[in-house]
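Reading the structure
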Amino acid sequence: MKLLTELKVYLVSRPAVDWDQIAQFLDDEDVPGIPDSIRAGHDESAAIVEVSARMCYMSYGRGRKDIADFINNLLASKDGSVFEHVNYGFVVTGVSRSLTHELVRHRAGFAYSQRSQRYVDETEGAFVVPPVFTDGFGDTEEAKQVLSKALDSAAKDYVALVESLEKALPEDKFEAPRDRRKAIRQAARSVLPNATETKIFVTANVRAWRHFFEMRGSPFADLEIRKLAIIILRILQKEAPLFFGDFTIDKLPDGTEITKPKYSKV
Ligand SMILES: Cc1cc2nc3c(=O)[nH]c(=O)nc-3n(C[C@H](O)[C@H](O)[C@H](O)COP(=O)(O)OP(=O)(O)OC[C@H]3O[C@@H](n4cnc5c(N)ncnc54)[C@H](O)[C@@H]3O)c2cc1C
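Report on the accompanying structure.

**A word on the pairing of strand E6 (residues 197-205)**
Both faces of the sheet carry side chains from a regular strand, because those side chains alternate between them. Extensive coverage of E6 is indicated by the burial of seven of its nine residues. Direction of pairing for strand E3 (residues 87-96) relative to E6: antiparallel, over a ladder of eight bridges. When the sheet's bridge partners are listed, Ser96 is paired in E6 with Glu197. Where strand E4 (residues 110-114) meets E6, five bridges bridge the pair, whose relative direction is antiparallel. For Phe110, the partnering residue across the bridge sits in E6 and is Ala204.

This is the structure we're talking about:
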């Protein structure tokens, strides 16, 4: 039985700008060209927000000259829709099914692709140990043994169910062997616990990520998803400080981290 205590996060997609097309558009519209029209410089994600926001008033080359000031003004005035043009995608592994169940509740501006328990065999699958066992919350040795026993039993029951259904389900009931395997796995997974490890590809736009950090970085959020939120926030603060720099990260008395934005729900 494989037990995981660390999740992994990979930033796998980020926005890109076609500068030639932007230059062409500005030229066609007879407004100031780059760089006078675009204060974001080479910051592509900021440029996307700037180009889209300036569209509303055709204010290319006018108004706020400093891009940080420009973005902060959008955040402060809750002009959130322009942040929907910029998406970041992450592959996340080593997280539990309970985490992803909470993650996929975030609908607006999010896209997901998750490892299937119907197509993928879980015989060699792993389990995620909840942070309360690993993050210095005191002597959890006894509870850890209870957890370990329960997970071990679930893993064995899963294998037993797969083997038993392998024998029980007649091949001629299914159009293809793949359908039979799927029927077996989708029934056997019913004994897998919330701690079962999963992998998910999640993409969201800046507005949606900001809302996610606010909700899941709060002291009331589950520890595992809170950890994920803060790991992704730190990556995006480096990647796009103009969009995420207003989030502060603090420690609670129990040593866990929380985050809070200056500009709430834009
Ligand atoms: C600490 C915590 C505890 C929770 N406990 C529970 C619980 O016990 N049970 C439970 O079921 N859930 C629980 N949730 C989940 C929560 O109710 C939300 O489903 C989840 O946080 C996603 O938030 P959201 O709907 O704002 O996000 P999104 O779905 O991403 O939506 C973002 C925003 O878009 C707008 N929006 C999206 N869809 C609609 C719509 N259909 N109509 C109108 N406006 C829309 C809303 O303004 C919304 O805030 C909990 C969440 C947290 C953070």
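**Thoughts on the side chain of Thr196**
Relative to the helices and strands, Thr196 is located in the loop between helix H6 (177-188) and E6. Those residues in contact with Thr196 that sit more than four places away from it in its chain are Val95, Ser96, Arg97, Gln117, Glu122, Ala126 and Phe127.

**Thoughts on the environment of Asp250**
Within the element layout of this structure, Asp250 appears in strand E7 (residues 248-251). For the pair Asp250 and Lys260, spaced 10 residues apart in sequence, the C-alpha to C-alpha distance is 8.4 Å.

**Here we look at the packing of helix H5 (residues 141-168) against H6**
Taken N-terminus to C-terminus, the directions of H5 and H6 make an angle of 145°; their axes are 9 Å apart at the nearest point. Crossing of H5 against H6: the hand is right-handed. The residues of H6 that touch H5, namely those facing Tyr158, Leu161, Val162, Leu165 and Glu166, are Arg180, Ile184, Arg185, Ala187 and Ala188. In terms of residue class, the contact of H5 with H6 is built from seven nonpolar, no polar and three charged.

**Thoughts on the site of the ligand**
Lining the immediate environment of the ligand, one finds Arg105, His106, Arg107, Ala108, His211, Met215, Arg216, Phe220, Ala221 and Lys265. Arg105 is positioned with one of its side-chain polar atoms (N or O) 2.9 Å from an oxygen atom of the ligand. Within the side chain of His211, a nitrogen or oxygen atom sits 2.7 Å from an oxygen atom of the ligand. Contact with the protein chains removes 48% of the 950 Å² of surface that the ligand exposes when unbound. Tallied by class, residues from the shell around the ligand come to four nonpolar, two polar and four charged.

**What to know about the environment of Leu192**
Checked against the element boundaries, Leu192 lands in the loop between H6 and E6. Between the alpha carbons of Leu192 and Phe90 there is a distance of 25 Å; along the sequence they are 102 residues apart. For Leu192, the residues in contact, after removing those within four places along its chain, are Gln117, Glu122 and Tyr158.

**Overview of a negative patch on the surface**
Side chains of Asp27, Asp28, Glu29 and Asp30 sit close together on the surface and give a patch of like negative charge. Within the secondary structure, Asp27 sits in helix H1 (residues 19-28).

**Some remarks on the packing of aromatic side chains**
Here the distance between the centres and the angle between the planes together describe a pair of aromatic rings. Going through the model one piece at a time under the given rule, you end up with 12 aromatic pairs. Plain terms: the ring middles of Phe90 and Trp209 are 5.4 Å apart, the flat faces sit at 90° to each other, and that makes the pair edge-to-face. Of the two residues, Phe90 is situated in strand E3 and Trp209 in helix H7 (residues 206-216); the sequence distance between them amounts to 119 residues. Across the pair, exposure class does not vary: Phe90 and Trp209 are buried alike. Counting every residue linked through ring pairs, the aromatic cluster contains Phe83, Phe90, Phe110, Tyr112, Trp209, Phe212, Phe213, Phe243, Phe244 and Phe247.

Procedures and definitions
Residues numbered from 1 in each chain as written. Predicted model: local features only at pLDDT ≥ 70, side-chain atom pairs only at ≥ 80, totals over all residues. Heavy atoms only, no water. Buried < 20%, exposed > 50% of the residue type's maximum accessible area, 1.4 Å probe, protein only. Helix = DSSP H or I, 4+ residues; strand = E, 2+ residues; numbered from the N terminus. Pairing = 2+ DSSP bridges. Contact = heavy atoms within 4.5 Å. Axes fitted to C-alpha atoms, helices over the stretch in contact; angles between N-to-C directions. Left-handed = near helix turned anticlockwise from the far one by under 90°. Nonpolar A, V, L, I, M, F, W, Y, C, P; charged D, E, K, R; others polar. Near = heavy atom within 4 Å. Polar contact = N/O pair within 3.5 Å; in protein donor to acceptor, adjacent residues only side chain to side chain. Areas by Shrake-Rupley, 256 points an atom, 1.4 Å probe, with all protein chains shown as cover. Patch = residues over 30% accessible without salt bridge, like charges linked within 9 Å, V, L, I, M, F, W, Y side chains within 5 Å. Salt bridge = Lys/Arg side-chain N within 4 Å of Asp/Glu carboxyl O. Lys, Arg positive; Asp, Glu negative; His and termini not counted. Charge placed at Lys NZ, Arg CZ, Asp CG, Glu CD. Phe/Tyr/Trp six-rings, centres within 6.5 Å; stacked < 30°, edge-to-face > 60°.

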